[in-house]
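# Structural description and commentary
Residue-level listing of the chains:
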Amino acid sequence: MQKRIRIKDIAKLAGVSSGTVDRIIHGRGNVSKKSREVVEKVLREANYKPNIHMASISLKKTYNILFVAPGFSAGEYWHSVYKGIVRALNEFENIAVNCKKITYNQYDVYACRKVFEDALKLDFDAVIIGPIFQNETREYCQKLKEKQIPYVFVDSNVEQTSPLAYFSANHYICGYLMSKLIHSIMQNSHDIGIMQAMRVGNESANSTILRKAGLTDFLKENKLENNIHRIPFSATEPESNEQLFNDFFNENDNIGGVVVLNSRGNVIANYLHKKKIKNIKVVCVDLTDANVKALKKGHIDFLIGQKPERQGYLALKFLIEHLIYKVPVMVANILPLDIITKETIDLYSEFNDLVYLDQFE
């Protein structure tokens, strides 16, 4: 087992005193910019992780963290993110950490603005944000910055913000990959349908924008001339979807593949099965309970996993370390994508990769 690196080891590597390293780690006293930069570089390279359990006991402080994200039900994507946060809370149960969740309607930009406004009235040490709407998230983050409240993102990053860190899959690569997969299983002469949710305020989700860019870039780079059609979908009025899909496919009879850029792929996959439409391939994202069920039945051909539970787990874990020790963390934390089929789904478990987890311990 690798020997745990100590403060005096960091001091020796950085060429400073142990007292200087201790002050930097614990955020106490004045330290020169040069010394801080050298020590922080060594901390990163050595992957130094202090004993936060003992530190929290000695500090006798309660940390209050807010998780503000889209609303969810059991088995949905954001529920997986939240399960990761709860997992971290259980792991660090010896630390006095309270985590409150407050959610907004991800299909209504106005509801999102209201929740962000309400969240600013609450008293917290740090915030974990699940961003959907870019402009609203930027405004919220600017106000957090003014209040000097640190925040991290899960699911995606938002440009023109300054998070302490973000934990996400690469949505551009995800869209690029989905485009590549659909082309590997459909006839090249056919058109592609992209299912996108209708939102109040007519703003696409941050992740959807990036995935669509990746999808279209794959087509351009490979000089593919498939026509792309937007398939409307309502998450707030699901009873209207069958008619929406009927109208779409009646008007577009050359669709060979459907790519779903949100976590509701099971909706159209089950529709195609119900209508006995077998010549249209389907590629979706997110291992929600409903998507997994459709995958196992063969209604979805490929399902892309983004490790949402691990995103939530790492976000809270790193945030706790920052609050207690002020240890610098890597800003961009990009998690790998998983390509799942009905043959492999029963073998898949997000937290079964112990080797991967070890690098964060």
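Once a new chain begins, its residue numbering starts again from 1 and follows that chain's sequence as written. Reporting of local features is limited, given that this is a predicted model, to residues whose pLDDT is at least 70; pairs of side-chain atoms are given and counted only at 80 or more, and all residues count toward the totals for whole chains, interfaces and linings. With hydrogens and water stripped out, all remaining heavy atoms of the structure feed into the side-chain values.

### A short note on the pairing of strand S1 (residues 63–70)
Throughout, exposure labels follow a simple rule: accessible area from a 1.4 Å probe, protein chains only, divided by the maximum for the residue type, with under 20% read as buried, over 50% as exposed, and the rest as partly exposed. Helix and strand labels come from DSSP, where a helix needs a run of H or I of at least four residues and a strand needs a run of E of at least two; each type is numbered from the N terminus. Taken across its 8 residues, S1 has 7 buried, putting it largely inside the fold. Looking at chain direction, S1 and strand S2 (residues 97–104) are connected through 8 bridges and run parallel. Bridge pairing links isoleucine 65 to cysteine 99 in S2. Crossovers are marked right-handed if the path from the first strand over the helix to the second runs clockwise, as seen with the strands pointing away from the viewer. For the crossover from S1 across helix H5 (residues 77–91) to S2, the handedness is right-handed. At least two DSSP bridges between two strands are required for those strands to pair. Two elements, S1 and strand S3 (residues 126–129), share 4 bridges in a ladder whose sense is parallel. Looking at the pairing, valine 68 lines up with isoleucine 129 of S3.

### What to know about empty space enclosed by the protein
Residues are called lining when one of their atoms sits within 4 Å of a cavity or pocket point, these points coming from a 1 Å grid over the protein atoms alone, where a cavity is a set in which a 1.4 Å probe fits but cannot get out and a pocket is an open set with protein on both sides within 12 Å along at least five of seven lines. Grid points are joined across faces, edges and corners, and a volume is the space filled by probe spheres set on the points. Counting across every chain of the model gives 1 cavity of 30 Å³ or more. Here the largest cavity is characterised by a volume of approximately 40 Å³. In terms of lining residues, the largest cavity is bounded by Ala119, Leu120, Leu122, Phe124, Val127, Tyr140, Leu144 and Ile149. Asp, Glu, Lys and Arg are counted as charged, while Ala, Val, Leu, Ile, Met, Phe, Trp, Tyr, Cys and Pro are counted as nonpolar; the rest, among them Gly, fall into the polar class. When the residues that make up the lining of the largest cavity are grouped by side-chain class, the tally is 8 nonpolar, no polar and no charged.

### Here's the deal with H5
Each helix should span, by expectation, one fewer than its residue count multiplied by 1.5 Å. Here H5 spans 22 Å end to end across 15 residues, near enough to the 21 Å set by a 1.5 Å rise per residue. Those residues of H5 that fall on the buried side of the exposure criterion are Tyr77, Trp78, Ser80, Val81, Gly84, Ile85 and Ala88. What you see down the axis of H5 is that its buried residues fit within an arc of 160°, all on one side. Contact definition: two residues touch when any of their heavy atoms are within 4.5 Å. The inward-facing, buried residues of H5 contact S1, S2, S3, strand S4 (151–155) and helix H13 (308–325). Note that the arc is computed from the directions linking the helix axis to the C-beta atoms.

### Overview of the confidence of the model for the protein chain
Summarising the model, the protein chain shows a mean pLDDT of 88, and 90% of its residues fall at 70 or more. Confidence of the predictor at the level of single residues is given by pLDDT, which spans 0 to 100. Model confidence for the protein chain, summarised as mean pLDDT per element, is weakest for helix H14 (residues 354–358) at 35 and strongest for S3 at 98. Residue range residues 353–361 is modelled with pLDDT below 50. Its contacts to residues more than four positions away, or to other chains, number 16 contacts.

### Notes on the packing of helix H6 (residues 109–119) against helix H7 (residues 134–146)
Each packed pair of helices is defined by two parameters, the angle between the axes and the distance between the axes. Where H6 contacts H7, the two axes come as close as 10 Å, and the packing angle between them is 10°. Between H6 and H7, the interaxial angle falls into the category roughly parallel. Along the contact surface, H6 presents Val109, Cys112, Arg113, Phe116 and Ala119, while H7 presents Glu136, Thr137 and Tyr140. A breakdown of the residues in the contact of H6 with H7 according to their chemical character gives 5 nonpolar, 1 polar and 2 charged. Angular values range over 0 to 180 degrees, each being the angle between N-to-C directions of two axes fitted as lines to C-alpha atoms, with helices fitted over their stretch in contact. Each angle gets one of four labels, with under 35 degrees taken as roughly parallel, over 145 as roughly antiparallel, 65 to 115 as roughly perpendicular, and the rest as oblique.

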